[in-house]
Amino acid sequence: MELVWFLVFGLPLALAVAPLLAELQENKLEVNQSGIHIKLYHVRGPNSTLTPSSYLSFSDFLLHDEERVKDLNSISAKNIGRGSSNSGFSQRSGYWSSTKSLSIPLSPGLSIGTGNYYVKLGLGTPAKYYSMIMDTGSSFSWIQCEPCAIYCHSQADPLFSPSASKTYKSLSCATSECSSLKEATLNNPSCTTSNKCLYAASYGDSSFSVGFLSQDLLTLAQSQTFPNFVYGCGQDNEGLFGMAAGILGLARDKLSMLAQVSTKYGYAFSYCLPTAAATATGGFLTIGTRPLSSYKFTPMIRSSNRNPNLYYLRLTSINVAGTSLRVAAAEYTVPTIIDSGTVITRLPMSLYSALRDAFVNVMSKKYAQAPGVSILDACFQGTVTSMSAVPEIQMMFQGGADLTLGASNVLIEADKGVTCLAFAESSQIAIIGNHQQQTFEVAYDVSNSRIGFAARACH
């Protein structure tokens, strides 16, 4: 049986269309010689339209962060063939029984996490704007679509209506984009009886999106549009996506948003992640190259036995209060990923233990220690703003680039009056989390295989 709802899905959306220029100004999208500049929001920031109605406890927040770390470990190992059926999807798979070969064992994928950042982008003709989670760990972009044949989670924006866009089209299973889905989503594509391509994007926390592989006009900024943008038009979207309309994938696969627009804007992007408290000079995402003088660069590392879609760099040393950790150089050879979705930076046991001990040795002379909270075991009594003697932590990378971290990047408030070192132990890989990246501009110059850092780029 064909997907009847999709064939009759042609009534126009009876909504007033806001002027495009007003949308662009509201979303603060700019174009200049330094690329396309898009405002970036923290999900829990004061200007966020995606603020959740209820907050996770800090312990649950850390548990979600741990799920993402476990998934990064698995994906980094290039274990693409692993199969783990997703019970939520399996219960609804009867709906898709009219499709060819949709017995998809959904791979765990990457947990979306909880400390996310989002941008507002335009899709369709005329363009409508949607809040999309920015994710450097995802290679595939998707958005919730009407008629939400099975399920759509609540979102802040109106749902995208394919029938209201003059430039929308679904892609067939014969297209090269459909054949490329396995590498981008870790799941095999499937086909409807009319040969329309179906994608399945699954994540480590059991969240998933299933729907039609599609093309439409992407609007990044005033007069800056990209035709035939390939993405997923989700008809069954379940899990921990908050109030976002979907995911914007910025990893290195050819189906990622970055790779698709690279032919027009260059294969590079940068961002500055604002703190949750940022108000005026918040964060941004820039598509395209930026002036290079303010950056310190380190090479992007590629390895034949690691997933090539993630962003790797090489950590060479860590200093606490100007003193190097007392560890052998070989301890730094662990694979290191920089990630927009992991919050707390992870280090292998030997590095983390040395860092924690050196940090506690300095801090305990000024501040009373407090019991650990979940995975955070170096905690103190007080708030970040009240602590004036926090030692700097400097993370050094191959080529001389560094992240020199002050108190707001080093500490995180775990409970009222309890503040902890925002680093934790990881068994297999190191991950540079977004808490440590906040207020730095991080440049991903994919064309030249390098990553750059510039301090104090936002608040």
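Cut-offs used in this document
Counting restarts for each chain, with residues numbered from 1 along the sequence as it is written. Whole-chain, interface and lining totals are the exception, using all residues; otherwise, since this is a predicted model, local features are given only for residues with pLDDT of at least 70 and side-chain atom pairs are given and counted only at 80 or more. Hydrogen atoms and water are omitted, and side-chain values are computed over all heavy atoms in the structure. Every helix listed is a DSSP run of H or I at least four residues long, and every strand listed is a run of E at least two residues long, numbered separately from the N terminus. By this rule, a helix spans an expected 1.5 Å times one less than how many residues it contains. With a 1.4 Å probe rolled over the protein chains alone, any residue whose accessible area is under 20% of its type maximum counts as buried; one over 50% counts as exposed, and the rest are partly exposed. You can read pLDDT as the predictor saying how much it trusts each residue, on a scale of 0 to 100. The criterion used for residue contact is that any of the two residues' heavy atoms lie within 4.5 Å. Polar contact criterion, stated in full: a pair of N or O atoms within 3.5 Å, where within protein one must be able to donate a hydrogen and the other to accept it, and residues adjacent in sequence count only if both atoms are side-chain atoms. When DSSP locates at least two bridges between a pair of strands, those strands are taken to pair. Two rings belonging to Phe, Tyr or Trp (six-membered ring only in the last case) form a pair when the distance between their centres is within 6.5 Å. Interplanar angles under 30 degrees mark stacking, angles over 60 mark edge-to-face geometry, and anything in between is tilted. Only when the NZ atom of a Lys or the CZ atom of an Arg is both within 6 Å of the ring centre and within 35 degrees of the ring normal do we say a charge sits over the ring.

The first and last C-alpha atoms of helix α3 (residues 58-76) sit 27 Å apart over 19 residues, in line with the 27 Å expected at 1.5 Å per residue. Of the positions making up α3, those classed as buried are Phe58, Phe61, Leu62, His64, Asp65, Arg68, Val69, Asp71, Leu72, Asn73, Ile75 and Ser76.

For the protein, per-residue confidence averages 83 on the pLDDT scale, and residues scoring 70 or more make up 82% of the total. Taken as a whole, residues 1-29 scores under 50 in pLDDT and shows 58 contacts with residues more than four places along the chain or in a different chain. Across residues 96-111, confidence stays below pLDDT 50; counting only partners more than four residues off in sequence or on other chains, it has 71 contacts.

Attention now goes to the environment of valine 446. Among the structural elements, valine 446 can be located in the loop between β29 (441-445) and β30 (450-454). Take valine 446: its relative accessible area is 10%, and that puts it in the buried class. Residues valine 446 and alanine 268, 178 residues apart in the sequence, show an inter-C-alpha distance of 5.4 Å.

We now examine the side chain of aspartate 339. Looking at the element boundaries, aspartate 339 is found in the loop between β19 (336-338) and β20 (345-348). A residue is classified by how much of its surface remains accessible, and aspartate 339, at 1% relative accessible area, is buried. Separated by 3.4 Å, the side chain of aspartate 339 and the backbone nitrogen of glycine 341 make a polar contact.

Moving on, we come to the pairing of strand β13 (residues 268-272). With five of its five residues buried, β13 lies for the most part within the structure. By the alternation rule, side chains of β13 split into Ala268, Ser270 and Cys272 and Phe269 and Tyr271, which are all buried. Sheet analysis places β13 next to β29, joined by five bridges and oriented antiparallel. Within β29, the position partnered with tyrosine 271 by the bridge is valine 442. Bridge analysis of β13 against strand β14 (residues 283-287) gives four bridges, and the strand direction is antiparallel. Directly across from phenylalanine 269, in β14, lies its bridge partner isoleucine 287.

Now for the packing of aromatic side chains. Aromatic rings considered in pairs are described by the distance between their centres and by the relative angle of their planes. What the rule picks out here adds up to 17 aromatic pairs. Measuring from ring centre to ring centre gives 4.7 Å for tyrosine 311 and tyrosine 444, while their planes differ by 65°; the resulting arrangement is edge-to-face. A residue pair is termed long-range when its members are at least 10 positions apart, and tyrosine 311 in the loop between β15 (296-299) and β16 (312-313) and tyrosine 444 in strand β29 qualify at 133 residues. Residue tyrosine 311 shares its accessibility class with tyrosine 444, and that shared class is buried. Members of the aromatic cluster, joined through ring pairs, are Tyr130, Phe160, Tyr168, Phe229 and Tyr231. One residue, lysine 39, lies across the ring of tyrosine 41, its end atom 5.6 Å from the ring centre. Its end group placed over the ring of phenylalanine 297, arginine 450 keeps NZ or CZ at 3.9 Å from the ring centre.

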